[in-house]
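A closer look at the structure
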Amino acid sequence: MNKKLKIIIFVCLGIIFFSIWVVLFPKKLDQHIVSFENKSFQVELAQTDEERQQWLMYRESLDEDKWMLFVFQNEWVHSFWMKNTLIPLDMIRIDTVDWENRVIDIQTAQPCATDECEIYKPAWDSLFVLEINAWLAEKYGIGVWDLVYIE
């Protein structure tokens, strides 16, 4: 067998094995579990600037069990606005306090379809922001200083 044919066979086998791997072991890196006391919820991660900016824009509804966790590189007073977001949301800010993740702030943000949207800025630094449908924090009894487990 010549060298070119061996390389082609090797590449084809690699593509086949990779395709099988993707089907058998789908990517789950962007899916995590967030738990409050005895309640656990599956969340999607927003880790890049593009993911954080585009996630809920122009969406008319959000499933009650569909949550988004914004993960930041550092603790900061991360401000949010609702430009082109059509549904109200609870923003649950989470930070590490004494080695534990705790809710440090909850704000309900209103939709905004103009360029002059309110900016939602917390009083404290945070490392994570969890976005869910508005008023679900109250429904599930999530409050400031609650422990949060992120898996």
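In case you missed it, the structure is sitting above this.
Structural notes, computed from the coordinates. (Residues numbered from 1 in each chain as written. Predicted model: local features only at pLDDT ≥ 70, side-chain atom pairs only at ≥ 80, totals over all residues. Heavy atoms only, no water.)

1. Re the overall build of the protein chain
Quick note on the threshold: A helix here means a DSSP run of H or I that spans at least four residues, while a strand means a run of E at least two residues long, and both kinds are numbered starting from the N terminus. Partly exposed residues are those whose accessible area sits between 20% and 50% of the maximum for their type, while under 20% is buried and over 50% is exposed, using a 1.4 Å probe and protein chains only. Here, two residues are considered to be in contact whenever any of their heavy atoms come within 4.5 Å of each other.
Each helix and strand counted, the protein chain has three helices and nine strands in total. Shown N-terminal to C-terminal, the secondary structure of the protein chain runs as helices and strands in the order α-β-β-α-β-β-β-β-β-β-α-β. In the protein chain, which comprises 151 residues, the share counted as buried stands at 36%. Restricting the contact set of the protein chain to residue pairs at least 6 apart, pairs at least 24 apart contribute 70%.

2. So, the packing of aromatic side chains
Stated precisely, the cut-off is as follows: The aromatic pairing rule takes the rings of Phe, Tyr and Trp, using the six-membered ring of Trp, and pairs them if the centres are within 6.5 Å, calling planes under 30 degrees apart stacked, those over 60 edge-to-face and the rest tilted.
For the structure on display, the rule yields five aromatic pairs. Taking 4.0 Å as the distance between ring centres and 15° as the angle between the ring planes, the aromatic pair formed by F41 and W67 counts as stacked. Separated by 26 residues along the polypeptide, F41 in strand β2 (residues 39–46) and W67 in strand β3 (residues 67–76) bring together distant segments of the chain. Note on W67: relative accessible area 0%, which makes it buried. Judged by centre distance (6.3 Å) and plane angle (90°), the rings of F72 and F80 are edge-to-face.

3. Let's talk about the side chain of H78
The criterion, for reference: In the analysis that follows, any N or O atom pair within 3.5 Å is treated as a polar contact, provided that within protein one partner can donate a hydrogen and the other can accept it, and provided that, for residues neighboring in sequence, both atoms belong to side chains.
Of note, H78 is situated in the loop between β3 and β4 (80–81). For H78, the side chain forms a polar contact with the main-chain oxygen of N74, separated by 3.1 Å. Residues contacting H78, with those up to four places away along its chain left out, are F72, R93, Y120, P122 and S126.

4. Let's talk about unusual backbone geometry
One non-glycine residue, D98, lies in positive phi territory at about 50°. You can call D98 exposed: its relative accessible area is 68%. Phi is positive for W145, close to 85°, though the residue is something other than glycine. Structurally, W145 can be placed in the loop between α3 (136–139) and β9 (147–150). A relative accessible area of 46% means that W145 is categorised as partly exposed.

5. Comments concerning the nonpolar core
Put simply, the rule is: Throughout, nonpolar core names a set of buried Ala, Val, Leu, Ile, Met, Phe, Trp, Tyr and Cys residues whose side chains join them through atoms within 4.5 Å.
Core analysis: the biggest nonpolar cluster contains 18 residues, and F36, W67, I92 and L130 have the highest contact counts within it. Secondary-structure elements contributing two or more residues to this core are β1 (31–36), β2, β3, β5 (89–97), β8 (126–133) and α3. Ranked by the residues each element gives to this core, the list is headed by β8, at four residues. Sequence-distant contacts of I92, that is, excluding residues within four places in its chain, are made with V103, D105, I106, F128, V129, L130, I132, A137 and I142. Formed by 17 residues, the second largest nonpolar core is a distinct cluster that contains F72, F80, L89 and A109.

6. Concerning the side chain of N84
Structurally, the position occupied by N84 is in the loop between β4 and β5. Note on N84: relative accessible area 13%, which makes it buried. Apart from residues lying up to four places away in sequence, N84 is in contact with L56, M57, Y58, C112 and A113.

7. As for the pairing of β3
The criterion, for reference: Any two strands between which DSSP finds at least two bridges are classified as paired.
Here β2 pairs with β3 via four bridges, running parallel. Residue pairing for β3: V43 is matched across the bridge by W67. For β3 and β8, the ladder comprises five bridges, and the chain directions are antiparallel. Paired with L69 across the two strands is L130, which belongs to β8.

Remember, this is a structural readout, not a statement about activity or role.
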